[in-house]
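Structure at a glance
So the chains spell out like this:
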Amino acid sequence: MTAPEAASSTSAAPAPNWREAWAVYLQPRVLIVLVLGFSSGLPLALSGSTLLVWMREAGVDLGTIGLFALVGTPYTLKFAWAPLVDALHVPIFTRAFGRRRGWLVFSQLLLIGAILLLALTDPARSPLFVALGALLVATMSSTQDIVVDAFRVESLPESEQAAGMASYVAAYRIGMLVSTAGVLFLVSAFEDTGIGRSSAWMWGYVAMAALVLIGTVTALAATEPEQSVRAEAKTHDEAAFSRVMHAAIGAFSEFLVRKHALTVLAFVVLFKLTDAFSGTMTAPFVIDLGFTRNDYAAIVKGVGLAATLIGGFAGGYVARRYSLVASLWIGGVLQAISNLVFAWLAFVGTNQWALAAAISAENFTGAIGTVIFVAYLSALCQNPLHTATQYALLTALAAVGRTYLSSGAGYVAEATGWPLFFVISVAIAVPSLILLAWLQRRRHFAALGPVKV
């Protein structure tokens, strides 16, 4: 997922009054970014948590479900083709719609096709085909994320960047809610009409494919960012291979020559691992405790969304109130110890109030950690010539924990049982906190300057 840009600030701007502060959210460019945020958030769960519920209901074992975290590989490797998105033209689409909008429409049409393909699979009979369909959805979704990030940065003036990102993040979460709770309620509604479970899931995914068209219509209604037009004019006569090499080499080499670069990259990989490790198994855990599909939809995704949005505001307050390194300590510790509420829930059992309390605590603290972490990632992208590719690299590395390091979570859960599993997920946060202390002692965060969320 993407998040608010961080920037250095040397002087304080006059505070706008409340009318001006709210009016910026109604600017056409901000509204376009808001809808694109919905489009970016929609497909993530279709190859993630929603798919895991479908598989568990189909009788797939926990070990296989845990391995399905690997289908998130494209979110980890998207930096590898981000320079292609920056530099190459899509035949017909680029000429018709422009550099950014052409890639947007192209990636969204491919995303629709991938979701429809996934809808036609059967987890009980062919997990391999399910994995292939999910991998295609993740690939097209991560490509769309690359384009949307670039479109947002290039289309919004500095005065609208904060509002644009706030709108984007809120809409992204709503998109995720639709593809989780929305799909689960929709599948239950289809079953209530007499449709079989397998067909109900298929039509639920077909409905999600149709919703991708909201982003496509928005891309068609938008105008090409002026920065993109100027960049296109500047590199128009340059060979495609040369454009790709300049975009890739410049972005990576500029970052890797920085002091403590490898330690920073390791910290980026590990900071959210504690969340990813426990989060991978949240859906099977809730189902195994005896909660219904609708319980999961209403509490985990409904109540959880509210807690996440509130936690996002709280994370923004923490980041403004304290230094970047202090904020990272607060977010890192909170998101780790919050996993203990699931160990408590495992002893409580099937109690809706206990589930709501556990989900609220975990999502609230996780959102605080995410907002602060994204502020840090954004602060690392200091060269405007390479922002899109560098940000893709950092967010892809952050996904390594969710995709690879958490892929064995199902086997750990089977071997230890649910209470001990969530205790282990807390301990997994320790390496990232050690790296945080190491970087703090070497004044890495002070060198980044003041960060504004």
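Residues numbered from 1 in each chain as written. Predicted model: local features only at pLDDT ≥ 70, side-chain atom pairs only at ≥ 80, totals over all residues. Heavy atoms only, no water.

**Notes on the overall build of the protein chain**
Check the secondary structure of the protein chain and you find 25 helices and zero strands. Among the 453 residues that make up the protein chain, the fraction classed as buried is 54%. If you take every contact in the protein chain between residues at least 6 apart in sequence, the share linking residues at least 24 apart comes to 84%. A total of about 19000 Å² of accessible surface is found on the protein chain, and carbon and sulfur atoms cover 68% of it. (Helix = DSSP H or I, 4+ residues; strand = E, 2+ residues; numbered from the N terminus. Buried < 20%, exposed > 50% of the residue type's maximum accessible area, 1.4 Å probe, protein only. Contact = heavy atoms within 4.5 Å. Areas by Shrake-Rupley, 256 points an atom, 1.4 Å probe, with all protein chains shown as cover.)

**Describing helix α18 (residues 324–337)**
An α-helix turns once per 3.6 residues; consequently, residues spaced three or four apart project the same way. An ideal rise of 1.5 Å per residue puts 20 Å on 14 residues; α18 measures up with 20 Å between its terminal C-alpha atoms. Here α18 has its buried residues at Leu324, Val325, Ser327, Leu328, Gly331, Gly332, Gln335 and Ala336. Axial view of α18: buried residues confined to an arc of 155 degrees, hence all on one face. (Expected span 1.5 Å × (residues − 1). Arc of directions from axis to C-beta.)

**Observations concerning the nonpolar core**
Membership of the largest hydrophobic core comes to 94 residues, with the highest contact counts inside it found for Leu51, Tyr205, Val268, Leu328 and Tyr376. Here this core takes 13 residues from helix α20 (residues 352–380), the largest share from any one element. Those residues in contact with Val268 that lie beyond four places of it in its chain are Phe373, Tyr376, Leu377, Leu380, Leu394, Leu397 and Ala398. The next biggest cluster of nonpolar side chains, apart from the first, holds 25 residues, and it includes Ala82, Val85, Phe151 and Tyr172. (Core = buried A, V, L, I, M, F, W, Y, C linked by side-chain atoms within 4.5 Å.)

**Describing the packing of aromatic side chains**
Applying the stated rule across the entire model yields 17 aromatic pairs. Considering the side-chain rings of Phe93 and Phe97, the 6.4 Å spacing of their centres and the 45 degrees angle between planes classify their relative orientation as tilted. Here Phe93 pairs with Phe97, and both are found in helix α7 (residues 93–97), just four residues apart, close to one helical turn. Ring geometry for Phe421 and Phe422: centres 5.0 Å apart, planes at 75 degrees, overall edge-to-face. (Phe/Tyr/Trp six-rings, centres within 6.5 Å; stacked < 30°, edge-to-face > 60°.)

**Focus on a nonpolar patch on the surface**
There is a patch of nonpolar side chains on the surface, built from Leu67, Leu70, Leu77, Tyr404, Leu405 and Tyr411 and spanning about 500 Å² of accessible area. Mapped onto the fold, Leu67 is located in helix α4 (residues 62–67). The partly exposed category is assigned to Leu67, whose relative accessible area is 36%. (Patch = residues over 30% accessible without salt bridge, like charges linked within 9 Å, V, L, I, M, F, W, Y side chains within 5 Å. Salt bridge = Lys/Arg side-chain N within 4 Å of Asp/Glu carboxyl O.)

**Focus: the confidence of the model for the protein chain**
Interpretation of this model should avoid reading the predicted coordinates in detail wherever pLDDT is low. Of the residues in the protein chain, 84% reach a pLDDT of 70 or more, and the chain-wide mean stands at 81. Within the protein chain, the element-level pLDDT minimum falls on helix α1 (residues 18–23), averaging 60, and the maximum on helix α24 (residues 430–441), averaging 95. Counting contacts from residues 1–13, a segment whose pLDDT is below 50, to residues more than four positions away or on other chains yields 35 contacts. (pLDDT = per-residue confidence, 0-100.)

**What about helix α19 (residues 340–348)?**
All of the buried residues along α19 are Phe342, Ala343 and Leu345. Relative to the axis of α19, the buried residues are bounded by an arc of 160 degrees and lie together on one face. Looking at the buried side of α19, the elements it contacts are α16 (282–289), α20 and α23 (418–427). Residue Gly349 follows α19 closely and has a positive phi angle near 90 degrees.

**As for the packing of α19 against α20**
Running from N to C, α19 and α20 cross one another at 170 degrees; their axes reach a closest spacing of 9 Å. One way to sum up the angle between α19 and α20 is to call them roughly antiparallel. When α19 is examined against α20, the residues Val341, Phe342, Trp344, Leu345 and Val348 are found in contact with a partner set consisting of Ala354, Leu355, Ala358, Ile359, Ala361 and Glu362. Along the lines of polarity and charge, the residues of the contact of α19 with α20 split into ten nonpolar, no polar and one charged. (Axes fitted to C-alpha atoms, helices over the stretch in contact; angles between N-to-C directions. Parallel < 35°, antiparallel > 145°, perpendicular 65-115°, else oblique. Nonpolar A, V, L, I, M, F, W, Y, C, P; charged D, E, K, R; others polar.)

**Topic: the environment of Phe151**
Topologically, Phe151 is positioned in helix α9 (residues 127–155). Phe151 sits in the buried class, given a relative accessible area of 3%. With residues near it in sequence (within four places) discarded, Phe151 still touches Ile32, Leu36, Arg100, Arg101, Leu104, Ala222, Thr223 and Pro225.

**Some details on the side chain of Lys78**
Inspection of the secondary structure puts Lys78 in the loop between α5 (73–77) and α6 (82–87). Although buried, Lys78 forms no salt bridge, and the nearest oppositely charged side chain, Asp145, lies 4.5 Å from it. (Lys, Arg positive; Asp, Glu negative; His and termini not counted.)

**Focus on the environment of Thr416**
With respect to the element layout, Thr416 can be found in helix α22 (residues 409–416). A distance of 2.8 Å separates a polar atom in the side chain of Thr416 from the backbone oxygen of Val412. (Polar contact = N/O pair within 3.5 Å; in protein donor to acceptor, adjacent residues only side chain to side chain.)

**Notes on the side chain of Thr216**
Note on placement: Thr216 falls in helix α11 (residues 197–221). Dropping the residues within four chain positions of it, Thr216 is found in contact with Val105 and Gln108.

**Observations regarding the pattern of salt bridges**
Two side chains with opposite charge may pair up if their charged atoms get near one another. The tally for this structure, following the rule as stated, stands at five salt bridges. Asp122 is the salt-bridge partner of Arg125, the closest N and O atoms lying 3.7 Å from each other. On the basis of relative accessibility, which here comes to 22%, the residue Asp122 falls in the partly exposed class. For Asp275, the salt bridge is made with Lys272, and the minimal N-O distance between the two is 2.9 Å. Taking relative accessible area as the criterion, Asp275 reaches 12% and is therefore assigned buried.

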